[in-house]
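These are the residues of each chain, in order.
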Amino acid sequence: MEEFSTSSRRSLMVALLVAGALFMENLDGTIIATGLPKIGETFRVAAVDVNVGMTAYLLAVAVFIPISGWVADRWGSRTVFGSAIVVFTIASVLCGISQNLWEFTLARVLQGIGGAMMVPVGRLMVVKVTPKDQIMMAIAWTIWPALVAPILGPPLGGFIVTYWSWRWIFLLNVPIGIACLIANGILVRNSHEERPPAFDWLGFLLIGGTCFSLVYAMELIGREPADWTLGGILFVVAILCLVLSRWHLRRASNPLFDLSVLRIQTFSAVIWGGSAFRVAIFMAPFLLPLMFQLGFGLNAFQSGSLTLAVFAGNLAMKPVTTPLLRRFGFRTVLIWNGILTAGSLLWCALLEPWTAHWLVLLVLFLSGLGRSMQLTSLTTMGYADLPKDKVSTASAFASTVQQMTVGGGVAFGVLLLRGSAALHGRHGGTPQVVDFRWAFYIVAAIALLSLLDILKLPHTAGAAVSGHVTEQEEPVEA
């Protein structure tokens with residue numbers, strides 16, 4: 001019992017360490033948007049031109065995140081995670097002291113390389129150090145940065161830019177980075193493979209090309225005005241690289257990603273159905289503030305205050321996530337919670353500028369509850385049935401797909417708003433309430449369709465992690 005208690009405490013501390021580092025990274029990605037005008041003034045360029053810094057970061061993450069699993073196997077999780085924190089923190093300082101746009105952009109590329117290693121290697125550390133029956137709790141802590149950062153980022157960024165300086169958006173990462181680096185050295189053992197396989201350079205180039213082309217295409221389409229020509233060309237390039245990647249990975253002796261993990265039913269459901277759900281729920285933090293400000297006429301502070309209800313829902317769900325999964329199992333929870341979450345997204349479509357604020361807060365709170373439960377359940381179930389020798393490649397694979405779905409959610413949200421405007425005879429200009437309504441209709445439909453993969457799972461899916469026991473499995477008393 002003493003050993004188990006010590007192991008549980010250590011896994012919790014590692015999970016909190018990873019959560020802190022991931023919060024730093026996720027917050028940095030969302031907080032910068034509010035600082036673009038001030039950064040542009042400092043560099044004497046238009047605010048829209050500073051967007052190249054955001055694009056450079058996303059592209060660096062997209063290109064380097066696929067190699068994280070091999071790098072962790074080669075040099076060890078503690079070494080790679082600690083190095084990622086150092087690179088990210090130094091790059092944050094360089095961003096904060098940049099004197100022109102090019103210095104800022106190069107620093108953001110370096111920051112993206114550090115960020116690319118944090119998510120998959122961090123979760124890999126948590127999975128390796130945590131007993132299977134404790135994984136739900138540990139993974140839940142690593143999920144909250146992705147849920148909280150998009151909500152807290154804009155208002156916190158506005159406060160920093162208004163009362164301090166935009167440079168503190170990046171310089172505040174220094175004490176967090178130092179604390180995480182010290183904790184990493186104390187808590188994490190440097191486990192790695194004795195003889196990792198040779199690096200798959202062709203796989204890296206093909207997968208990196210896929211991710212780069214897809215992320216840049218989505219970024220170009222999301223601009224105002226959109227660059228449909230170059231965006232379309234890059235999208236075709238991404239599809240071609242994806243086809244070639246699949247062909248190569250199935251034939252290579254030591255592929256960058258081992259596609260055999262897709263034969264594991266729980267992992268496959270997380271990749272396919274789970275990705276569709278992520279696209280849906282990551283559209284919501286993009287659509288809601290815009291709808292409140294452009295459609296309802298609220299100011300940025302009022303909009304931010306309302307969306308904090310999503311954050312409250314995320315936190316409120318944490319204490320009950322593990323008990324619900326133990327009682328009902330992954331399949332039942334994911335299906336019913338997915339339906340309820342889709343319902344909350346549909347409810348967002350029915351909101352009007354005159355809807356009472358308490359009702360808006362209730363809808364957003366329920367949406368936060370559903371998002372938290374679904375993301376935690378999906379991420380945890382993805383590791384439930386993985387063999388130990390497949391955890392590294394599966395973690396990198398899943399993190400790469402998740403990175404694409406986050407960017408895909410925002411880009412798809414832009415397309416929905418523009419598509420609705422075109423259908424209503426408007427081209428360009430400010431989106432109206434009806435555009436957001438149709439966008440949320442489609443978001444809710446995507447969330448529902450994502451459950452088709454979950455329906456195929458057996459009731460015992462991921463039981464080794466959830467601890468759920470069906471009636472047929474319960475022991476019969478003598």
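Up top is the structure.
Calculation rules
Residues numbered from 1 in each chain as written. Predicted model: local features only at pLDDT ≥ 70, side-chain atom pairs only at ≥ 80, totals over all residues. Heavy atoms only, no water. Salt bridge = Lys/Arg side-chain N within 4 Å of Asp/Glu carboxyl O. Helix = DSSP H or I, 4+ residues; strand = E, 2+ residues; numbered from the N terminus. Buried < 20%, exposed > 50% of the residue type's maximum accessible area, 1.4 Å probe, protein only. Expected span 1.5 Å × (residues − 1). Core = buried A, V, L, I, M, F, W, Y, C linked by side-chain atoms within 4.5 Å. Contact = heavy atoms within 4.5 Å. Axes fitted to C-alpha atoms, helices over the stretch in contact; angles between N-to-C directions. Parallel < 35°, antiparallel > 145°, perpendicular 65-115°, else oblique. Left-handed = near helix turned anticlockwise from the far one by under 90°. Nonpolar A, V, L, I, M, F, W, Y, C, P; charged D, E, K, R; others polar. Patch = residues over 30% accessible without salt bridge, like charges linked within 9 Å, V, L, I, M, F, W, Y side chains within 5 Å. Areas by Shrake-Rupley, 256 points an atom, 1.4 Å probe, with all protein chains shown as cover.

## Points about the pattern of salt bridges
- Summed over all chains, the structure comprises three salt bridges.
- Close ionic contact of Asp258 with Lys390 constitutes a salt bridge, the shortest N to O distance being 2.4 Å. Here the residue Asp258 occupies a position in the loop between helix H11 (228-251) and helix H12 (265-295), and Lys390 occupies one in the loop between helix H14 (357-384) and helix H15 (391-423), the gap between them amounting to 132 residues.
- For Arg437, the salt bridge goes to Glu352, with nearest N and O atoms at 2.6 Å. Placement of Arg437 in helix H16 (residues 433-449) and of Glu352 in the loop between helix H13 (300-349) and H14 is noted, with a sequence separation of 85 residues between them.
- Residue Arg437 is classed as buried on the basis of its relative accessible area, which comes to 18%.

## Regarding helix H3 (residues 51-64)
- Compared with the 20 Å implied by 1.5 Å per residue over 14 residues, the 20 Å span of H3 between its first and last C-alpha is a close match.
- With 10 of its 14 residues buried, H3 lies for the most part within the structure.
- Those residues of H3 that sit buried are Gly53, Met54, Thr55, Ala56, Tyr57, Leu59, Ala60, Val61, Ala62 and Val63.

## Brief notes about the environment of Pro155
- One can find Pro155 in helix H7 (residues 135-163).
- Along the sequence, Pro155 and Gln302 sit 147 residues apart, while their C-alpha atoms lie 10.0 Å from each other.

## Quick look at the nonpolar core
- Judged by nonpolar contacts, the single largest core of 118 residues is most densely connected at Phe81, Met118, Phe267, Phe292, Leu364 and Ile454.
- The element that contributes the greatest number of residues to this core is H12, accounting for 15 residues.
- With residues near it in sequence (within four places) discarded, Phe267 still touches Val261, Leu262, Gly382, Leu386, Ala394, Phe397 and Ala398.
- With 20 residues, the next largest nonpolar core counts Leu36, Ile39, Val50 and Leu101 among its residues.

## Describing the packing of helix H5 (residues 77-96) against helix H9 (residues 173-187)
- Contact pair H5 / H9: the axes reach a minimum separation of 9 Å and the direction vectors enclose 165 degrees. Relative to H9, the element H5 lies roughly antiparallel. H5 and H9 meet at a crossing whose hand is left-handed. From H5, Arg78, Phe81, Gly82, Ile85, Val86, Phe88, Thr89, Ser92 and Val93 reach across to H9, where they touch Asn173, Val174, Gly177, Cys180, Leu181, Asn184 and Gly185.
- Across the contact of H5 with H9, the residue classes break down as eight nonpolar, seven polar and one charged.

## Thoughts on a nonpolar patch on the surface
- On the surface, Val86, Ile90, Leu94, Ile97, Leu110 and Leu181 cluster together into a nonpolar patch covering about 440 Å² of accessible area.
- Sort the elements by how many residues they give to the nonpolar patch and H5 lands first, with three residues.
- Turning to its location among the elements, Ile97 is positioned in the loop between H5 and helix H6 (101-129).
- On the basis of relative accessibility, which here comes to 47%, the residue Ile97 falls in the partly exposed class.

Any functional reading would require information that these geometric values do not contain.
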